[in-house]
Amino acid sequence: MRFGVIGLGSAGRSHLDVLSRMPEVEVVGIADLNPEYVKTLGERYGVPLATTQPEELIADPSIDVIAVVAADRAHYPLVMACAAARKHTLCEKPIATEVGHGREMVAAMREAGRLFCISLNNRGNPVNRRIKDVVDAGTIGHARMVRLIGLMAAPDNHLVRERLGEKAAYSRLVNICHEGKNAMFDCGVHSFDYARFLTGSDFRRIEAMGYSMRGFEYPDHGVALCEHENGILTVVDKGFDYAYEAQTRKEYVRYEVIGDRGSLAWDLDHQRLRVFARDQTLDEPLPYASHDADREVIYRGFIESVKQGSLLPWLASGEDGLKAVEAAQTAVDSMIAKGVITRDVGPGPNWFDGRGW
Ligand SMILES: NC(=O)c1ccc[n+]([C@@H]2O[C@H](COP(=O)([O-])OP(=O)(O)OC[C@H]3O[C@@H](n4cnc5c(N)ncnc54)[C@H](O)[C@@H]3O)[C@@H](O)[C@H]2O)c1
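Residues numbered from 1 in each chain as written. Predicted model: local features only at pLDDT ≥ 70, side-chain atom pairs only at ≥ 80, totals over all residues. Heavy atoms only, no water.

**Some points on the overall build of the protein**
So, step 1. Scanning the protein for helices and strands turns up 12 helices and 15 strands.
So, step 2. Whereas a compact globule of 357 residues would reach a radius of gyration of roughly 21 Å, the protein reaches 20 Å, a difference of no more than 12%.
So, step 3. Principal axes of the C-alpha set define a box for the protein whose edges measure 55 × 50 × 35 Å.
So, step 4. Pairs at least 24 apart in sequence give 67% of the contacts found in the protein among residues at least 6 apart. (Helix = DSSP H or I, 4+ residues; strand = E, 2+ residues; numbered from the N terminus. Rg over C-alpha atoms; globule rule 2.2 N^0.38 Å. Contact = heavy atoms within 4.5 Å.)

**Topic: the packing of aromatic side chains**
Describing an aromatic ring pair means giving the distance of the ring centres and the angle of the ring planes.
So, step 1. By the definition in use, this model includes 5 aromatic pairs.
So, step 2. With centroids separated by 5.7 Å and ring planes inclined at 20°, the aromatic side chains of Y255 and W266 adopt a geometry described as stacked. On the criterion of sequence distance, the pair formed by Y255 in strand 11 (residues 251-259) and W266 in strand 12 (residues 262-267) is long-range, its members being 11 residues apart. Accessibility assignment for this pair places Y255 and W266 in one class, buried.
So, step 3. Through a chain of ring-to-ring contacts, the aromatic side chains of Y194, Y255, W266 and Y288 assemble into a single cluster.
So, step 4. One cation-aromatic arrangement involves K181 over F185; the distance from NZ or CZ to the ring centre is 4.7 Å. (Phe/Tyr/Trp six-rings, centres within 6.5 Å; stacked < 30°, edge-to-face > 60°. Buried < 20%, exposed > 50% of the residue type's maximum accessible area, 1.4 Å probe, protein only. Lys NZ or Arg CZ within 6 Å of the ring centre and 35° of its normal.)

**Observations regarding the domain arrangement of the protein**
So, step 1. The domain boundaries assigned to the protein delineate domain 1 (2-114) and domain 2 (122-288 + 317-342).
So, step 2. The C-alpha centroid of domain 2 is placed 26 Å from the C-alpha centroid of domain 1.
So, step 3. Domain 1 puts 15 residues into the contact, and the matching count from domain 2 is 16 residues.
So, step 4. Carbon and sulfur atoms make up 60% of the area that domain 1 and domain 2 hide from each other, which totals about 1,300 Å².
So, step 5. The interface formed by domain 1 and domain 2 contains 5 salt bridges.
So, step 6. Broken down by element, the side of domain 1 that touches domain 2 gets its largest block of residues, 5 residues, from helix 5 (residues 99-112).
So, step 7. Within the side of domain 1 that touches domain 2, the residues separate by chemical class into 6 nonpolar, 3 polar and 6 charged. (Domains from an automatic or database assignment. Buried area = accessible area lost by both parts, 1.4 Å probe. Salt bridge = Lys/Arg side-chain N within 4 Å of Asp/Glu carboxyl O. Nonpolar A, V, L, I, M, F, W, Y, C, P; charged D, E, K, R; others polar.)

**Details of the site of the ligand**
So, step 1. Lining the immediate environment of the ligand, one finds 26 residues, of which A11, D32, D72, H75 and N121 sit closest.
So, step 2. At a separation of 2.9 Å, an oxygen atom of the ligand approaches a polar side-chain atom of N175.
So, step 3. Separating an oxygen atom of the ligand from a side-chain N or O atom of H190 is a distance of 3.2 Å.
So, step 4. Those elements that provide at least two residues to the shell around the ligand are helix 1 (10-20), helix 8 (166-179) and helix 11 (291-308).
So, step 5. Of all the elements, helix 1 adds the most residues to the shell around the ligand, at 3 residues.
So, step 6. Considered class by class, the residues forming the shell around the ligand number 10 nonpolar, 9 polar and 7 charged.
So, step 7. Each of domain 1 (2-114) and domain 2 (122-288 + 317-342) accounts for three or more of the residues forming the shell around the ligand. (Near = heavy atom within 4 Å. Polar contact = N/O pair within 3.5 Å; in protein donor to acceptor, adjacent residues only side chain to side chain.)

This is the structure:
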């Protein structure tokens, strides 16, 4: 299957790496606005069409599938162009930064009659899948309450700056904290999508509160309480304030599901699944998989979908991607309407004060 990849930043490189290892895939085109990325990666992967003009790649009739891995704000124009060219499209999360754009994208891809998948990779992750299997098997009875905690280092955390360099870290900060509406929207879409996937139920209402450590327009950290149509409650606790100062650990991740016959829990520190239920108790190793491994699972599913002509039901469709941004936007709006709490991060720099790195 012949692929084109648009967007060659940190996620785009991971997509390229994953695709280049898949024997059934040929990456025949790559595009990014940054000519350095295009040149370096074009040479490294021996890609025949390496361009700073994504439209060239979208217009290439020999390409079957386009992966849109560019910055969030570029998803809308790029996917609309893919729909016009009738390309099967896999787009990174969030589907769009504006709900209205997401709706247009879903409609355009449907009209084009091509497959449209959003890379909401929790659906491919072994930890999330095992939790879903245990819940679906009824081991803990009927699920009542889901808690999804995901706290990450800020995109300008010193570990990130050392790895990417100041300039790239600053551009990431702008992408995520300003254009991406911070953690609750940018990364929260994974949790809102997983909550729907896990419970099999849409949201009835969502309320949230958040706080801001460094005066960002959108809170660094928020907690959303979501009621599903089937009565399950999900708490999404999402933030970039974790580990501003930590030397080594960059993430705090914990999932819990409480049912009427038991409970389960998994966390990143121990990487074990623990189930305490009426009929059985489990304590098993459940290692975290890398984003690359998740992406490979998603790509395998998408390639299978293209071959059979319809999206496999466990993959996130455009509609699922849209529901995730609708939920995330509702949470962001709720946090702002309630009044963002401000906290002082201390004497550290405010990387967002427009010093123009
Ligand atoms: N699924 C996940 O877990 C996950 C993780 C990280 C990033 N992402 C998503 O992947 C996408 C890229 O993120 P990133 O971390 O690589 O960001 P990045 O800032 O490292 O790279 C973004 C790239 O997009 C390019 N770009 C911007 N507009 C473009 C356009 N119109 N045409 C072509 N290229 C364009 C930029 O030049 C840059 O190279 C984002 O949508 C992000 O939300 C998803």
